[in-house]
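# Summary of the model geometry
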Amino acid sequence: MSSNGGIIGIDNDPTTAVKVTSFTSSGTFVAESITTEAEILMVAGGGGGSASPNAPQDCGGGGGAGGILFNSSTARTPAGTAVAMPTSPVPVTVGAGGVGGGRPPADAADGRKGANGSDTIVVASGTTYTADGGGSGGANFSGGADAGGDGGSGGGGGGDFPATGATAGSST
C-alpha cells in the first residue's frame with residue numbers, strides 16, 4: 001500500500017525510497033502503515049495587491065508572500081527533525097491566494113485594498129501546523145494611504161503622491 005492524497009511524486013533517492021507528496025488543493029493524506037514520520041514543508045497563499053486608479057501618482061501596495069513552515073508548528077523555529085505521522089488520515093488545508101483589489105468605479109479616486117492570503121493548515125498527531133497567509137497590499141486614497149496587511153509576509157503599503165507612502169504590514 002502506498003501513501004495517498006495529493007500528487008505522489010517519484011522516489012527522490014532510490015536507495016532510501018523517499019517519496020514526495022504535494023497538495024495543490026485541500027485533501028487528506030494517509031500514510032503507509034510503515035510510515036511513522038514525515039518532513040512537512042508548507043506554504044500559505046500570498047496576499048492580493050491593491051488597485052491604483054491614478055497611477056503613477058497614487059500607487060497600491062503589492063501583496064505579501066504566503067508564510068512558510070518546515071517541520072515546525074511555529075514560523076520562527078524551523079526544525080531539522082521529521083514530524084510524527086499518525087496511522088489515521090491527516091487533513092490538509094491548502095491556503096488560497098488573496099484576491100487583488102480590482103479596479104474601482106470610474107468616478108472613484110480611491111484604490112481598493114486586496115485581500116489577505118489564506119492559511120495552509122495540517123493537523124498531525126495532535127499538533128496543528130499553520131503557515132500564515134500573506135498580507136494584503138495597502139490601498140491609496142485621497143489624502144493618504146493604507147498600510148499593508150499583516151501576514152506570513154506583510155503586504156506593501158499604498159502610496160499617495162505627493163504624500164509619503166504607508167508602512168508595510170508585519171510578518172509573522
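This text follows the structure it describes.
Residues numbered from 1 in each chain as written. Predicted model: local features only at pLDDT ≥ 70, side-chain atom pairs only at ≥ 80, totals over all residues. Heavy atoms only, no water.

### Comments concerning the environment of alanine 82
Among the structural elements, alanine 82 can be located in the loop between strand S7 (68-70) and strand S8 (83-84). Residue classification places alanine 82 among the partly exposed residues on the basis of a relative accessible area of 27%. Along the sequence, alanine 82 and glutamate 39 sit 43 residues apart, while their C-alpha atoms lie 4.6 Å from each other. Discounting chain neighbours no more than four positions away, the residues touching alanine 82 are Glu37, Ala38, Glu39 and Asn71. (Helix = DSSP H or I, 4+ residues; strand = E, 2+ residues; numbered from the N terminus. Buried < 20%, exposed > 50% of the residue type's maximum accessible area, 1.4 Å probe, protein only. Contact = heavy atoms within 4.5 Å.)

### A look at the side chain of serine 136
As for its placement among the helices and strands, serine 136 is situated in the loop between strand S11 (127-131) and strand S12 (140-141). For serine 136, the contacting residues outside a window of four places in its chain are Gly47, Gly48, Gly62, Gly63, Lys113, Gly114, Ala115, Asn116, Gly148, Gly149, Gly155 and Gly156.

### Digging into the sheet that holds strand S3 (residues 27-29)
Judged by pairing direction, the sheet is antiparallel, and its 4 strands sit side by side in the order S3-S9-S10-S11 without closing on themselves. Taken across any chain shown, the strands that pair with only one partner, and hence form the sheet edges, are S3 and S11. Mean inter-strand twist for the sheet, computed between neighbouring axes without regard to direction, equals 20°. Two elements, strand S9 (residues 90-93) and strand S10 (residues 120-124), share 2 bridges in a ladder whose sense is antiparallel. (Pairing = 2+ DSSP bridges. Axes fitted to C-alpha atoms, helices over the stretch in contact; angles between N-to-C directions.)

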